[in-house]
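Architecture at a glance
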Amino acid sequence: MAKIELKNVTMDYGKGIKGLDNVDLTINDHEFLVLLGPSGCGKSTMLRVIAGLIRQTDGQVLFDDQDVTGLDARERNVSMVFQNYALYPHLNVFKNIAFPLGNIKKITKEEITARVEEVAKVLDIEDILNRRPRELSGGQRQRVALGRAMVRNPVVFLFDEPLSNLDTAMRQELREVIADLHRRLNTTFVYVTHDQAEAMQLGDRVAVMDEGKIIQLGNPQEVYNEPNCVYSAGFVGSPKMNFFASRFIKKEANWAVKIMGNEFDIPTDRIPFPGDDPAATDGGRVISGIRPEDLRLEPVEGAADVSFAANVVKTVPMGAGLHAELETNGTHFMAVFQNHTDVAAGSEVTLHVDPATIHLFDPETEKTLIRYQH
């Protein structure tokens, strides 16, 4: 088990290109941390730096307060699970799982057999130990890859988009396997993905990344409910948050924000003004954000409900719910309606919004203006 620290870690490729940009991060012992972001954001680079597969150009990596920056991957006692399985095609499952033990001195054949069988039992692959990789499904191959990582009893498990090649049902099944493994092994997991559903299901904490930096770090619900900037708010959520160019309105006893010609009173305990932010002026510009699922067809009970009309442009059935593209005053946006599959393109609907669900962002810095209460 290990606590991992990255101190001022930079990976500079030259010509102004940075894979990592002065990253500071502490991954707690036993924690399941997910690195979430699009391709090219730096998440796989960070994983390889932690593993020792590549050496950063600046900064330190520490395991349990010991500087491991100068240690190779084999000296760090980490195991890595890749997207492409990386199994040896000429070896059967037993030998693939046992392969990492071949470099350990003073380990007997009996011990190797016992470890492999124990891992196979945990992963429910006892009946395929004599098969070759070509005889396995994608899900079985990934279980074998997990077993090969487990058999060494590493202090850290690293996962680089391990489920990307699998179909939806198999991804869900293996997410549950990986979550169960973390509970069983009680060690440190670092998991890279671009799939927010995986991040939300698996992570104790999620680090949202962009351009080699950690944009937001928190537990899944914090990242979803309390985005600290436009980037994080737009990346986490499906469909993504709607953003509107808006204006502040100073009222007699409170403030409001004008969105698509409609006024929404903002709870004053959620915003750090008047006076604390230069954007918070009467008529000042602001970016307003509303999640599609916070646009409803019924009044919001117990809330300062605001309603307005919208035209339905397009609908996409999603089982029990419906994704709808809407338009008001020339502005297009998305809504998610649960159990309202009768909404049809070309119709007009009345939408209801609780102003307390509206997010506000500074149009210059794109940072949140909301003071979240805990």
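Everything numeric in this text was worked out from a predicted model, so none of it was measured.

1. Brief notes about the nonpolar core
- By size, the foremost hydrophobic cluster in this structure holds 43 residues, and its most contacted members are Ile97, Leu123, Leu146, Phe159, Ile178 and Tyr191.
- Once you skip the residues sitting within four places of it in the chain, leucine 123 turns out to touch Arg143, Leu146, Gly147, Met150, Val177 and Leu181.
- With 31 residues, the next largest nonpolar core counts Phe244, Ile266, Phe308 and Val343 among its residues.

2. Quick word on the sheet that holds strand S1 (residues 4–14)
- Ordered by their spatial adjacency, 4 strands build an open sheet running S2-S1-S4-S5, and the pairing between neighbours is antiparallel. Only two strands of the sheet have a single neighbouring strand rather than two, namely strand S2 (17–27) and strand S5 (66–67).
- On the sheet, helix H1 (residues 43–51) packs against S1, S2 and strand S4 (58–63) and is oriented at approximately 120° with respect to S1.

3. Comments concerning the layout of surface pockets
- Considering only enclosed or pocket space, the largest pocket measures out at about 680 Å³ in volume.
- For the largest pocket, the lining is made up of 18 residues, of which Val78, Ser79, Met80, Pro100 and Arg152 are closest to its centre.
- Of all the elements in the fold, those that place two or more residues in the lining of the largest pocket are strand S6 (78–81) and helix H4 (138–150).
- Taken together, the residues of the lining of the largest pocket break down into 12 nonpolar, 3 polar and 3 charged.

4. Description of the packing of aromatic side chains
- Evaluation of the coordinates by the stated rule reveals 12 aromatic pairs.
- Ring plane angle 40° and centroid distance 5.1 Å describe the contact between phenylalanine 159 and phenylalanine 189, whose orientation is recorded as tilted. Of this pair, phenylalanine 159 sits in strand S7 (residues 156–160) while phenylalanine 189 sits in strand S8 (residues 188–193), placing them 30 residues apart in sequence.
- Classification of phenylalanine 189 as buried rests on a relative accessible area of 0%.
- Between phenylalanine 243 and phenylalanine 361 the ring centres are 6.0 Å apart and the planes differ by 70°, which places this aromatic pair in the edge-to-face class. Residue phenylalanine 243 is located in strand S11 (residues 242–250), and its partner phenylalanine 361 is located in strand S19 (residues 359–361); the two are separated by 118 residues in the primary sequence.
- The exposure class assigned to phenylalanine 243 is partly exposed, which follows from its relative accessible area of 29%.
- One aromatic cluster is present, built from ring pairs that chain together Phe32, Phe157, Phe159, Phe189 and Tyr191.

5. Considerations on the side chain of aspartate 160
- Within the secondary structure layout, aspartate 160 lies in strand S7.
- Overall, aspartate 160 belongs to the buried group, its relative accessible area being 8%.
- Among the polar contacts made by the side chain of aspartate 160, one reaches the side chain of serine 44 at a distance of 2.9 Å.
- In this view, aspartate 160 contacts Ser44, Leu47, Arg48, Met80, Val81, Phe82, Gln83 and Val192; residues no more than four positions away in its chain are not counted.

6. Observations concerning the environment of isoleucine 178
- Following the sequence through the fold, isoleucine 178 ends up in helix H5 (residues 168–185).
- The buried category is assigned to isoleucine 178, whose relative accessible area is 1%.
- Separated by 35 residues in sequence, isoleucine 178 and arginine 143 place their C-alpha atoms 9.5 Å apart.
- When neighbours within four sequence positions are excluded, isoleucine 178 is seen to be in contact with Phe32, Leu146, Phe159, Leu163, Phe189 and Tyr191.

7. Observations concerning the pairing of strand S14 (residues 285–290)
- Counting buried residues along S14, 5 of its 6 residues qualify, which places the element largely inside the surrounding structure.
- Pairing of S11 with S14, which is carried by 6 bridges, proceeds in the antiparallel orientation. Within the sheet, the bridge partner assigned to phenylalanine 243 lies in S14 and is glycine 289.
- Relative to S19, S14 runs antiparallel, the two sharing 3 bridges. If you follow glycine 289 over to S19, its bridge partner there is histidine 359.

8. A closer look at the pattern of salt bridges
- Taken as a whole and judged by the stated rule, the model has 16 salt bridges.
- The salt bridge involving aspartate 160 is made with arginine 48; its shortest N-O contact spans 2.5 Å. Note that aspartate 160 is positioned in strand S7 and arginine 48 in helix H1, a separation of 112 residues in sequence.
- Arginine 48 sits in the partly exposed class, given a relative accessible area of 25%.

Each value, and the rule that gives it
Sequence positions are assigned chain by chain, starting from 1 and proceeding in written order. Local features are withheld for residues below a pLDDT of 70 in this predicted model, meaning they are given only at 70 or higher, and side-chain atom pairs are given and counted only at 80 or more; totals for whole chains, interfaces and linings count all residues. Side-chain figures throughout are based on the complete set of non-hydrogen atoms in the structure, without hydrogens or water. Nine residue types can take part in a nonpolar core, namely buried Ala, Val, Leu, Ile, Met, Phe, Trp, Tyr and Cys, and a core is a set of them joined through side-chain atoms within 4.5 Å. Throughout this description, buried means an accessible area under 20% of the type-specific maximum (1.4 Å probe, protein chains only), exposed means over 50%, and partly exposed covers the range between. Contacts between residues were defined by any pair of non-hydrogen atoms, one from each residue, lying within 4.5 Å. In short, DSSP must find at least two bridges between two strands for them to pair. Think of it this way: any DSSP run of H or I at least four residues long counts as a helix, any run of E at least two long counts as a strand, and we number them from the N terminus. Angles shown run from 0 to 180 degrees and are taken between the N-to-C directions of axes, each axis being a line fitted to C-alpha atoms and, for helices, limited to the stretch in contact. The rule is simple: put a 1 Å grid over the protein atoms alone, call a set of points where a 1.4 Å probe fits but cannot get out a cavity, call an open set with protein on both sides within 12 Å along at least five of seven lines a pocket, and count a residue as lining if it has an atom within 4 Å of a point. Grid points are joined across faces, edges and corners, and a volume is the space filled by probe spheres set on the points. Gly falls in the polar group here, along with every residue not listed as nonpolar (Ala, Val, Leu, Ile, Met, Phe, Trp, Tyr, Cys, Pro) or charged (Asp, Glu, Lys, Arg). Between the rings of Phe, Tyr and Trp (Trp by its six-membered ring), a pair exists once the centres lie within 6.5 Å; its type follows the angle of the planes, with under 30 degrees stacked, over 60 edge-to-face, and the other angles tilted. Identification of polar contacts relies on pairs of N or O atoms within 3.5 Å, with a donor-acceptor requirement for protein atoms, meaning one able to donate a hydrogen and the other able to accept it, and with residues adjacent in sequence counted only if both atoms are side-chain atoms. Basic side-chain nitrogens of Lys or Arg form a salt bridge, by our definition, when they fall within 4 Å of a carboxyl oxygen of Asp or Glu.

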